[in-house]
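A closer look at the structure
The chain contents come next:
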Amino acid sequence: MHMSTITYHEDHVLWTERLPGGHHWSARIQRGAVLQLQSLGQNANVAFYCVNSEDKLERYNMPDSLKGQHTAFLSTGHILASDLGRAMISIVKDDHGWNDAFCAPSTVQLIEKQFGQQTFQDARNDMYRNGKDSLLLEMTKFGLSATDLSSTLNLFSKVQPDDNGNLSYVQADNTEQVIELRFEMDCLVFLSSAPHALDNSTEYAPADVQLSLYKALPLLDADVCRDSCHQNQRAFQNNNRYYALSA
Amino acid sequence: MTALVKLEESVLSEVCPAGEAWMCEVKKGQYFRIVDLEGNQAVDTLFISASNPEERYSATDTLAINQQIYLEKGTTLYTNFGNKIASIHDDNCGRHDTLGGACSCESNTVRYAHDTYPMHSCRNNFMIALSQHPIAKRHGLNVRHIGPNINFFMNVPVTSEGHLKFDDGISAPGKYVEIKAEMDLIVLISNCPQLNNPCNAYNPTKIQLIIREGEDASHV
């Protein structure tokens, strides 16, 4: 059951940052923080990738996240699992209800095909950026490259399969929608707010996204993500081993 | 074994026992066949560019470009750079999975129980190959090159409501898939040893691997 009245973080905002539509961003986010993403416009998409900041070879693993929770998408109650059997992030709130885990970030080819081309020389900072090059740019700041970029998550975007496995992008009005990610591991986070790879709108107009960081509240006896299934409880047990000497 | 295939023009024909790692290189234009000798055997497979290992098969680029979850005859497989890496030239199984990834000791502790950790797994096979196989050594491959793989002969149905599960296989003895290499490839396989779910019908078995020249191969 979705209980939107429950909050998973303190009221005090530690910092806030406006990510303009189409732009990219990266940061270390510590365990015990909640990163809130709020769409400030209609057509938001955030290509999301993370690795363990202490051991960058531990990555978000799409197949392990999906099969562990028997789901084809990620939303409230789900975790992002690493390739070493640990919870990296808990999705404690998701107004959109379906975050696409299937599709790679948009590429220069897909953006040009759908929207045309707009370079910095033409348009200064309104140039058309794409998801993949943006993530790679941010990862390069930390010494990571295309070899290190595995599958990503597309926040605010729904891609639905039919009974034969055909995928279609489902348009929605994302205005004011909020997604909250509680970090269960110190992570390097890489974001791009460029359009989704399957975005079929006619205009390049990705929404701005407000990022806000909060301190997470302690987990309750029955946590929305840890206790949503036995698999997640065991993933959290693996986290407890990993952080055995931490509080 | 009756399902063993003998192809006249093959340049390689090997059997990979149950639960083992296997590697080879396939040249652009060659055909690479995997035969499920005894049926319902998941074959966890990675394709990596032999000329630039930073470029590799990408499940999510393939899904986004094809707008289709399942891999079947005629499917083109794409890399993380958006290039064609291989295509499914022939197949008599029906469909193959690329969402289920590879089993690992770590994910087994999450999916089943902590005491499954010592059981052999596909990720362990990948690690064995990366640490020892001459092809992996020659190309400088390491754990960074491991991404979401293809599971040939595995059945992971997804519903429109977003449910995903591991189902009984739809393969059978002698079913095969034949891949055409669209660039020079490194193939890294784990013949899946998973015993905790029906992906191998709880009975991992051997597979046959065959490479043959393409129809347009030049014999210089």
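Remember, predicted model here, so these are calculated numbers, not experimental data.

The subject of this paragraph is the overall build of chain A. Within chain A, the regular secondary structure consists of 5 helices and 14 strands. Its C-alpha atoms give chain A a radius of gyration of 17 Å, near enough to 18 Å, the size a compact globule of 247 residues would have. Its C-alpha atoms put chain A at 55 × 40 × 35 Å along the principal axes. With 247 residues in all, chain A has 54% of them scored as buried. Counted over contacts in chain A with a minimum sequence separation of 6, partners at least 24 positions apart contribute 79%.

Looking only at helices and strands, chain B features 4 helices and 10 strands. Of the regular secondary structure in chain B, the N- to C-terminal order runs β-β-β-β-α-β-β-α-α-α-β-β-β-β. Relative to the globule expectation of 17 Å for 220 residues, the C-alpha radius of gyration of chain B, 16 Å, shows essentially globular dimensions. A principal-axis box enclosing the C-alpha atoms of chain B has dimensions of 55 × 40 × 40 Å. Looking at the 220 residues of chain B, the share that counts as buried comes to 51%. For chain B, the share of sequence-separated contacts (at least 6 apart) that also reach a separation of at least 24 residues comes to 76%.

We now examine the environment of Tyr60(A). Residues and elements named next belong to chain A. Within the secondary structure layout, Tyr-60 lies in the loop between β4 (46-52) and α1 (62-68). Accessibility expressed as a C-beta count within 10 Å gives 24 for Tyr-60, which makes it buried. Distance from Tyr-60 to Ala-81, taken between C-alpha atoms, is 5.9 Å for residues 21 residues apart in sequence. Those residues in contact with Tyr-60 that lie beyond four places of it in its chain are Tyr-49, Cys-50, Leu-80, Ser-82, Met-88 and Ser-150.

Turning next to the confidence of the model for chain B. When the pLDDT values of chain B are averaged, the result is 94; 97% of them are 70 or greater. Interface confidence in the predicted complex, given as ipTM, is 0.96; pTM for the same model is 0.96.

Note: interface size is frequently given as the accessible area lost on complex formation between the parts. At the junction of the two partners, chain A supplies 41 residues and chain B supplies 34 residues. Breaking the side of chain A that touches chain B down by element, the ones donating at least two residues are α1, β10 (158-161) and α5 (230-242) of chain A. With 6 residues, the single largest contributor to the side of chain A that touches chain B is α1(A). The residue inventory of the side of chain A that touches chain B, partitioned by class, reads 19 nonpolar, 16 polar and 6 charged.

All names here are of chain B. Across the sheet, which stays open at both edges, the 6 strands sit in the order β1-β10-β3-β8-β6-β5 with antiparallel pairing between neighbours. Two strands in the sheet have a free side with no partner beyond their single neighbour: β1 (10-16) and β5 (76-78). Strand-to-strand twist across the sheet, computed as the mean angle between neighbouring axes with direction ignored, equals 20 degrees. Here β1 pairs with strand β10 (residues 207-212) via 6 bridges, running antiparallel.

This brings us to the pairing of strand β3 (residues 33-39) of chain A. Residue and element names in this part refer to chain A. Burial analysis of β3 places 5 of its 7 residues in the buried class, the great majority of the element. By the bridge criterion, 7 bridges tie β3 to strand β14 (residues 209-215) in an arrangement that is antiparallel. Looking across to β14, one finds that Leu-37 is bridged to Leu-211. With 5 bridges connecting them, β3 and strand β12 (residues 178-183) associate as antiparallel partners. Within the sheet, the bridge partner assigned to Val-34 lies in β12 and is Arg-182.

The next point concerns the sheet that holds strand β7 (residues 150-152) of chain B. Residues and elements named next belong to chain B. Taken in spatial order, the 4 strands make up an open sheet running β2-β9-β4-β7, and their pairing is antiparallel. Looking at which strands have only one partner, the edges of the open sheet turn out to be β2 (21-26) and β7. Neighbour to neighbour, the strand axes of the sheet diverge by 30 degrees on average, direction disregarded. As paired elements, strand β4 (residues 43-49) and strand β9 (residues 185-191) share 7 bridges and run antiparallel to each other. By the bridge assignment for β9, Leu-46 is matched with Leu-188.

Further remarks concern helix α3 (residues 122-132) of chain B. Since the α-helix packs 3.6 residues into each turn, any two residues three or four apart lie on the same face. Residues and elements named next belong to chain B. Of the residues making up α3, those classed as buried are Cys-122, Arg-123, Asn-125, Phe-126 and Ala-129. Viewed end-on, α3 has its buried residues packed into an arc of 155 degrees, placing them on one side of the element. Exposed residues on α3 whose side chains face more than 90 degrees from its buried face are Ser-131 and Gln-132. On its buried side, α3 packs onto β2, β4, α4 (134-138) and β9.

Let us look at the environment of Asn61(A). Summarising the element assignment, Asn61(A) is placed in the loop between β4 and α1. Along the sequence, Asn61(A) and Ala47(A) sit 14 residues apart, while their C-alpha atoms lie 14 Å from each other. Each residue touching Asn61(A), except ones within four places of it in the same chain, is listed here: Ala81(A), Ser82(A), Asp83(A), Ser150(A) and Gly101(B).

Right, let's get into the pairing of β14(A). As judged from the 5 bridges shared by strand β1 (residues 15-19) of chain A and β14(A), these two strands associate in the antiparallel manner. Following the sheet pairing, Leu19(A) is matched in β14(A) by Val209(A).

A few words now on unusual backbone geometry. Backbone geometry places Glu176(A), a non-glycine residue, at a positive phi of 75 degrees. Position of Glu176(A) relative to the elements: it lies in the loop between β11 (167-170) and β12. Judged by the 10 C-beta atoms lying within 10 Å of it, Glu176(A) is exposed. Positive phi values are uncommon outside glycine, yet Phe153(B) reaches one of about 70 degrees. You can see Phe153(B) is positioned in the loop between β7 and β8 (175-181).

What counts and how
Throughout this document, residue positions are counted from 1 along each chain, in the order its sequence is written. Ligands are numbered from 1 and chains lettered from A, in the order in which they are written. Local features in a predicted model are, by the rule used here, given only for residues with pLDDT of at least 70; side-chain atom pairs are given and counted only at 80 or more, and totals for whole chains, interfaces and linings are based on all residues. Helix numbering and strand numbering both begin at the N terminus, where a helix is a DSSP run of H or I of at least 4 residues and a strand a DSSP run of E of at least 2. The globule rule used for comparison is 2.2 Å times the number of residues to the exponent 0.38, while the radius of gyration itself is calculated over C-alpha atoms. Labels follow a simple rule on C-beta atoms placed from the backbone: if 20 or more others lie within 10 Å of a residue's own, it is buried; if 12 or fewer, it is exposed; otherwise it is partly exposed. We call two residues in contact if the C-beta atoms placed from their backbones are at most 7 Å apart. Note: pLDDT gives the predictor's confidence per residue, expressed from 0 to 100. Polarity classes work like this: nonpolar for Ala, Val, Leu, Ile, Met, Phe, Trp, Tyr, Cys and Pro, charged for Asp, Glu, Lys and Arg, and polar for all others, with Gly in that last group. In this scheme, strands are said to pair when DSSP sees at least two bridges between them. Axis definition: a line fitted to C-alpha atoms, limited for helices to the stretch in contact. Angles are taken between N-to-C directions and run from 0 to 180 degrees. Arc definition: it is the arc formed by the directions from the helix axis to the C-beta atoms.

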